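Chains, contacts and geometry: an overview
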Amino acid sequence: MNKLLFLLLPLYIFAVPVIFPFTIDLKKDETAYFDVYYLGNTYPFKFRWTLYINDILTLLYRYDDFPRQITLYKDPSLNTFKVPIAKIPENYPYFYIEFKDFNGKIATFDIYLMNDNKKVNVDFKGKK
């Protein structure tokens, strides 16, 4: 048990609470890691972009260990997507992720948390 605690301790020490809106810059295939805490559960969330061609960005993300893929454009109507935190019928919280810019090697994203009931906490675990 002590060995397990010793191995998990660095993950909790270096976690940073996120203040929204949160801006993040990612290089190609660089992954951003988050932990989402809601109603006593922890949901891992990570995302990365893998291809940018003809003003279209392909983004891969994994929320609650379920992989998804989405394409985003620079156009304002096609540059955002929504990630539900929990499937609850009434007023569930969600992430609203916006593709802001691409400068040749780095993509910039703004992450918003729509959290009416203030029960969601998010820790940024870092980039790899």
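Structure: above.
Now for a look at the structure at hand.

**Observations concerning the layout of surface pockets**
Approximately 160 Å³ is the volume attributed to the second largest pocket. What lines the second largest pocket is simply Tyr 43, Tyr 61, Tyr 63, Asp 64, Arg 68, Lys 82, Val 83, Pro 84, Ile 85, Ala 86 and Lys 87. Going through the elements one at a time, strand S5 (56-63) and strand S7 (80-84) are the ones with two or more residues in the lining of the second largest pocket. Residue composition of the lining of the second largest pocket, grouped by class: seven nonpolar, no polar and four charged.

**Things to note about the pattern of salt bridges**
Here the structure, examined in full by the defined rule, presents four salt bridges. The partner of Lys 28 in a salt bridge is Asp 29, and the shortest N-O contact between them spans 3.3 Å. Here Lys 100 makes a salt bridge to Asp 110, at a shortest N to O gap of 3.9 Å. Of this pair, Lys 100 sits in strand S8 (residues 94-102) while Asp 110 sits in strand S9 (residues 106-114), and the two are ten residues apart along the sequence. Look at Lys 100 and you get partly exposed, because its relative accessible area is 45%. One continuous salt-bridge network, built from bridges that share partners, spans Lys 28, Asp 29 and Arg 48.

**Topic: the side chain of Thr 31**
Mapping Thr 31 onto the fold places it in the loop between strand S2 (22-27) and strand S3 (32-38). For Thr 31, the contacting residues outside a window of four places in its chain are Lys 46, Phe 47, Arg 48, Gly 126, Lys 127 and Lys 128.

**Some points on the sheet that holds S8**
Neighbouring strands of a sheet are bound in pairs by backbone hydrogen bonds; such pairs are parallel or else antiparallel. If you trace the four strands from one edge of the open sheet to the other, you get S2-S9-S8-S7, paired in antiparallel fashion. The sheet terminates laterally at S2 and S7, the two strands that pair on one side only. Taken over all neighbouring pairs, the strand axes of this sheet differ in orientation by 25° on average, direction set aside. Two strands pair when backbone bridges link them, and S7 and S8 are joined in this way by five bridges, in the antiparallel orientation. The residue of S8 that forms the bridge with Lys 82 is Tyr 96.

**Topic: the nonpolar core**
Proteins that are soluble and globular tend to have nonpolar side chains buried together. Phe 45, Phe 47, Phe 95 and Phe 109 are the most contacted members of the largest nonpolar core, which totals 32 residues. Of all the secondary-structure elements, those providing two or more residues to this core are S2, S3, strand S4 (41-53), S5, S7, S8, S9 and strand S10 (120-127). For this core, the element with the highest residue contribution is S4, accounting for five residues. Once residues within four sequence positions are removed from consideration, Phe 47 is found in contact with Ile 24, Leu 26, Glu 30, Thr 31, Ala 32, Phe 34, Leu 59, Leu 60, Tyr 61, Phe 109 and Ile 111.

Calculation criteria
- Residues numbered from 1 in each chain as written.
- Predicted model: local features only at pLDDT ≥ 70, side-chain atom pairs only at ≥ 80, totals over all residues.
- Heavy atoms only, no water.
- 1 Å grid on protein atoms, 1.4 Å probe; cavity = no way out; pocket = protein on both sides within 12 Å on 5 of 7 lines; lining within 4 Å.
- Points joined across faces, edges and corners; volume = space filled by probe spheres on them.
- Helix = DSSP H or I, 4+ residues; strand = E, 2+ residues; numbered from the N terminus.
- Nonpolar A, V, L, I, M, F, W, Y, C, P; charged D, E, K, R; others polar.
- Salt bridge = Lys/Arg side-chain N within 4 Å of Asp/Glu carboxyl O.
- Buried < 20%, exposed > 50% of the residue type's maximum accessible area, 1.4 Å probe, protein only.
- Contact = heavy atoms within 4.5 Å.
- Pairing = 2+ DSSP bridges.
- Axes fitted to C-alpha atoms, helices over the stretch in contact; angles between N-to-C directions.
- Core = buried A, V, L, I, M, F, W, Y, C linked by side-chain atoms within 4.5 Å.

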